Amino acid sequence: MKVGVIGHFMFEGDQCNGQAIKTLNYYKELQKHYKNTVQYLDTLNVKQRLMYNSWVLLKMSFTCQSIIFMPTKALLYRGAVILNYLKKIFKFKLIYVVIGGWLPEEVNNNSKLKKELNKFDAILVETKSMQNVLKGQGVKSIYYSPNFSTKVEPINLEKDNINMFPLRYCTFSRVTKTKGILDAIKAIHLVNKRAGEKICTLDIYGPIDEAFKDEFWSVVKKYSEVSYCGVLNDENTIEVLASYYAMLFPTQYAGEGFPGAVVEAMMAGTPVIASDWKYNREVVIDGETGYVYPVGDVELLIKSIENLNANANIEYLMSKKSRELSRQYSADQVMQILYQIIEEPKL
């Protein structure tokens, strides 16, 4: 079985973003399953390498039984038109693995897109809510396939919050304004101010967006309870996240889908306090694996933090529940639906 993967791998760029991480994770899992027979086409700088990429695409179309398409928003429509044309000639199976939560809006904004999407053999989306919305828009062959992590939960991983003081919070995402980083900083600062002492701290992880860098550093340097800790090493992500009382996820990012960072926090047994944005309520179970508060409402974010601070037993139960539920987001389990689609005989 020969399979091709087309996507934004960013082998020569910054791989610390959800698009590149998910594309690479799928490629690696497919390589393992199909014994290194998987081809790839990296769409980074696709126009600058037009001749080479055209040759790679034709070779892939001729030799592969299935092609997995994992495009950025900018490449989706044009790529779909080209791949559907090649599919008609070479008869390969065409599967779109959606990254993020922006596809329903794109279908609304581009009247021609739905026609191209309905020529695909399968479309895999990250949340059940998105699946239902797209079905309602008339998009066919939609399958639910959540995000996953290839990280392995360390043996005998134990969270020890009994003697933790101040209580340690973190964020784990790209450091941009739309990820709600300023809300997280403001909330932690006000919790401490109202308590009259430093009862919690905030560590910020992730690559800093260039356009946000000056504003970010000007805010961080004002508060002793806030630290920037760089980009997490893949090898110890779960252990590091497990060392925190909870993770804050106050995102307002327009393309948010099923964040891999939340999956990894769950694997670490670290509750997540998330904004009620896009599909977060489906990912974070309010009151069971964390709290969900109205997007942009810093006062209710503060109340969620204060409630968790005052109830270590709730944090413990959330931690336990998070770890239990995280097992459904293992690579082996999530990838099964894609393997079934690839291996099912084409009519």
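Residues numbered from 1 in each chain as written. Predicted model: local features only at pLDDT ≥ 70, side-chain atom pairs only at ≥ 80, totals over all residues. Heavy atoms only, no water.

**Looking at the layout of surface pockets**
The computed volume of the second largest pocket comes to approximately 430 Å³. Surrounding the second largest pocket, 18 residues form its lining, Thr43, Val46, Leu75, Gly79 and Ile82 being those nearest its centre. Of all the secondary-structure elements, those providing two or more residues to the lining of the second largest pocket are α2 (50–63) and α3 (73–90). With six residues, the single largest contributor to the lining of the second largest pocket is α3. Tallied by class, the residues present in the lining of the second largest pocket amount to 10 nonpolar, six polar and two charged. (1 Å grid on protein atoms, 1.4 Å probe; cavity = no way out; pocket = protein on both sides within 12 Å on 5 of 7 lines; lining within 4 Å. Points joined across faces, edges and corners; volume = space filled by probe spheres on them. Helix = DSSP H or I, 4+ residues; strand = E, 2+ residues; numbered from the N terminus. Nonpolar A, V, L, I, M, F, W, Y, C, P; charged D, E, K, R; others polar.)

**Brief notes about the state of the cysteines**
This structure, assessed with the given rule, holds zero disulfides. Here cysteine 200 stays free of any disulfide, with the sulfur of cysteine 170 as its closest cysteine sulfur at 13 Å. Looking at cysteine 200, the relative accessible area reads 0%, which means it is buried. Note on cysteine 229: no disulfide assigned, nearest cysteine sulfur contributed by cysteine 170 at a separation of 9.0 Å. (Disulfide = S-S within 2.5 Å. Buried < 20%, exposed > 50% of the residue type's maximum accessible area, 1.4 Å probe, protein only.)

**Thoughts on helix α1 (residues 18–33)**
Taking 1.5 Å of rise per residue, 16 residues should cover 22 Å, and α1 covers 22 Å from first to last C-alpha, within 8% of that figure. Every buried residue of α1 is listed here: Gln19, Ala20, Lys22, Thr23, Leu24, Asn25, Tyr26, Tyr27, Glu29, Leu30 and Gln31. Looking at the buried residues of α1, the elements they touch are β1 (3–7), β2 (38–42), β3 (66–70), β4 (93–97), α14 (331–334) and α15 (336–343). Lysine 35 sits one or two positions beyond α1 and adopts a positive phi of about 55 degrees. (Expected span 1.5 Å × (residues − 1). Contact = heavy atoms within 4.5 Å.)

**Notes on unusual backbone geometry**
Following phenylalanine 165, the chain continues to proline 166 via a peptide bond in cis, the omega torsion being -5 degrees. Structurally, proline 166 is set in the loop between β6 (142–144) and β7 (167–172). Positive phi, close to 55 degrees, is recorded for lysine 35, a residue that is not glycine. Among the secondary structure elements, lysine 35 is positioned in the loop between α1 and β2. Exposure remark for lysine 35: the relative accessible area of 66% places this residue in the exposed category. The residue lysine 91 is not glycine, and still its phi comes out positive at about 65 degrees. The residue lysine 91 is located in the loop between α3 and β4 in this model.

**Description of the packing of helix α10 (residues 260–267) against helix α13 (residues 312–326)**
In the contact formed by α10 and α13, the axes pass within 7 Å of each other and the chain directions differ by 115 degrees. Along its contact with α10, which presents Val263, Met266 and Met267, the element α13 presents Ser322, Arg323, Leu325 and Ser326. Of the residues belonging to the contact of α10 with α13, the class tally is four nonpolar, two polar and one charged. (Axes fitted to C-alpha atoms, helices over the stretch in contact; angles between N-to-C directions.)

**Comments concerning the sheet that holds strand β12 (residues 290–293)**
Spatial strand order, β9-β8-β7-β10-β11-β12: six strands in an open sheet with parallel pairing. Where the open sheet ends on each side, the last strands, each with one partner, are β9 (226–228) and β12. Adjacent strand axes in the sheet meet at a mean angle of 20 degrees when their direction is disregarded. With six bridges connecting them, β7 and strand β8 (residues 200–205) associate as parallel partners. Bridge pairing links phenylalanine 172 to tyrosine 205 in β8. Across the sheet, helix α7 (residues 181–195) is in contact with β7, β8, β9 and β10 (246–249); its angle to β8 comes to roughly 165 degrees. (Pairing = 2+ DSSP bridges.)

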